[in-house]
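# Chains, contacts and geometry: an overview
Given next are the chains, with one letter for each unit.
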Amino acid sequence: MVNQTRNGFVTRNDLNYFLTELKEQEPWLYSYHSKMLQMISTQIDGAQKSLIQLRKNGYAAKSLKFARYSKYRTFTYNQSGFKIQNGFLYLSKIGKIKIIQHRQIPENSKIKQVIITKSKSGKWYACITCNIETDVPKINLSKAVGIDVGIKTFAYDSDGHRIPNQLNLKKMLKPLARAQRKISRRKKGSNNRLKAIKHMQRIHERIKNRRKDFLHKLSTQYAKKYDRIFMEKLEKLNMVKNHHLARNILDSGWEIFSYMVAYKTTMIEVPARNTTIDCSRCGNKVPKSLAVRIHRCNVCNLVIDRDYNASINILKRGLSIFNISAKADYLLPQELREVTPVEISMRSLKQEEAINLFGGSSLKDSRKV
Ligand SMILES: [Zn+2]
């Protein structure tokens, strides 16, 4: 093996040099595309660098491990050795493969890289990276929104949209448990057990895909509609400690959602402290347990959904970063309108817009509470 150098690590160039030597001893390596093998050196190099970075940041990161054969499911063609034509992907040393192309490759773009992955359930995917030149759009602050993510509802925004939770895992829990039982009944090492494991992995993949689909659609809607999106900085670690909530939180995918929003548009995180407690109209503190779903302020008489109140607070905090004070037009829970003397400002035009944006249903929901 190569002598380990700096910090006990080997560089990419060392690895590539070693690779050419290794090829002399192991001629079967010639049946692989040379650039593809070199990309493995790049991967190891990258992994080492992030390991060093993690240690610098104070994490107790241990050493790199060898990827087991069964866990090694990805390889990369970089810059050369591939072509896409007439529904086929051509890979050097492998041949032509029929593909289902989900998106057209934009004109005037150059394919930089193709990453081939085999999913756990045995499906093959090719992820294609292209180089496209575009103009950066101008951003103004006219359309800003605050989003509060929660347990009962997935998200509530400061324009009054309630996005119900998509508890994928809950729905799929029964088939998952069934698949799990099947595995435990089968003999270890048997072919039937392997089949059952594959079946379970397919269910897991389906859950993952549904969640991702939901999060992508939602984040794209927000990115299209608003220029700036404010969200709370999630104290995820604290929340997962509460066991009742744990599964829901892990399933909700807020972290992925905020990541998606952040790369699709401008997302700014605001401190989460007291967003549910503060009254969004007068600033009075109204402490409430998780079971209390409605914010009732005894100073200014504001009565709205707790998550809606939080989302307005988030918007206000976000805009205050830009020295803008927000004026909220409150949408009230319908049942509470007669009993509570609260002003409702005119927002007919905005409401219409809102109904169009999320198909109407979510706005209706927002009043049910
Ligand atoms: Zn108040």
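Residues numbered from 1 in each chain as written. Predicted model: local features only at pLDDT ≥ 70, side-chain atom pairs only at ≥ 80, totals over all residues.

In this model, the protein carries an average pLDDT of 79, and 78% of its residues clear a pLDDT of 70 or more. Here residues 334-357 is a poorly scored stretch, pLDDT under 50, and it has 24 contacts once near neighbours within four places are set aside; other chains count. Note that residues 359-369 has pLDDT below 50 and, in this model, 24 contacts with residues that lie over four places away or in other chains. (pLDDT = per-residue confidence, 0-100. Contact = placed C-beta atoms within 7 Å.)

For the rest of this paragraph, the subject is the sheet that holds strand 7 (residues 144-149). Taken in spatial order, the five strands of this open sheet run 9-8-7-10-11, and their pairing is mixed. Across the chains shown, the open sheet's two edge strands, defined by having one partner strand only, are strand 9 (162-164) and strand 11 (266-270). Shown here is a sheet whose adjacent strand axes are inclined to one another by a mean of 25°, direction ignored. Contacts from helix 7 (residues 254-264) reach strand 7, strand 10 (228-232) and strand 11, with the element oriented near 135° to strand 11. (Pairing = 2+ DSSP bridges. Helix = DSSP H or I, 4+ residues; strand = E, 2+ residues; numbered from the N terminus. Axes fitted to C-alpha atoms, helices over the stretch in contact; angles between N-to-C directions.)

A general tendency of soluble globular proteins is for nonpolar side chains to be buried together. Ile147, Ile229, Phe230, Ile314 and Leu315 are the most contacted members of the largest nonpolar core, which totals 31 residues. Elements with a contribution of two residues or more to this core: strand 7, strand 8 (153-157), helix 4 (191-225), strand 10, helix 7, strand 11, strand 13 (303-305) and helix 8 (306-321). Here the element with the most residues in this core is helix 8; it accounts for six residues. Leave out the neighbours within four places in its chain, and Ile147 touches Ala155, Asp157, Ile229, Met231, Ser311 and Ile314. Counting five residues, the second-largest nonpolar core is a separate cluster that includes Met36, Phe82, Leu89 and Val114. (Core = buried A, V, L, I, M, F, W, Y, C linked by C-beta atoms within 7 Å. Buried ≥ 20, exposed ≤ 12 C-beta atoms within 10 Å, placed from the backbone.)

This part takes up the packing of helix 4 against helix 7. In contact at an axis separation of 9 Å, helix 4 and helix 7 are set at 40° when each is read in the N-to-C sense. Here helix 4 lies oblique to helix 7, going by the angle between them. With respect to the hand of their crossing, helix 4 and helix 7 are arranged in right-handed fashion. Within the contact between the two elements, helix 4 uses Leu215, His216, Leu218, Ser219, Thr220, Tyr222 and Ala223 and helix 7 uses Ile256, Phe257, Met260, Val261 and Lys264. Residue classes in the contact of helix 4 with helix 7 are distributed as eight nonpolar, three polar and one charged. (Parallel < 35°, antiparallel > 145°, perpendicular 65-115°, else oblique. Left-handed = near helix turned anticlockwise from the far one by under 90°. Nonpolar A, V, L, I, M, F, W, Y, C, P; charged D, E, K, R; others polar.)

Now for the environment of Lys225. Mapped onto the secondary structure, Lys225 falls in helix 4. Judged by C-beta crowding, with 19 C-beta atoms within 10 Å, Lys225 ranks as partly exposed. Along the backbone, Lys225 and Lys143 are 82 residues apart, and their C-alpha atoms lie at a distance of 7.7 Å.

Let's shift gears to the environment of Ile229. For Ile229, the location among the structural elements is in strand 10. We classify Ile229 as buried; it has 27 C-beta atoms within 10 Å. Separated by 90 residues in sequence, Ile229 and Leu319 have C-alpha atoms that sit 10.0 Å apart. Discounting residues that sit within four places of it in the chain, Ile229 has contacts with Val145, Ile147, Tyr222, Val261, Thr265, Thr266 and Met267.

Negative phi is the rule for most residues except glycine; trans is the rule for most peptide bonds. Its identity is not glycine, yet Asn86 carries a phi of approximately 50°, on the positive side. Within the secondary structure, Asn86 is located in the loop between strand 2 (82-85) and strand 3 (88-91). Judged by local crowding, Asn86 falls into the exposed class, with 6 C-beta atoms found within 10 Å. Even without being glycine, Asn274 reaches a positive phi, approximately 65°. Take Asn274: it is sitting in the loop between strand 11 and strand 12 (294-296). The exposure class assigned to Asn274 is exposed, which follows from the 12 C-beta atoms found within 10 Å.

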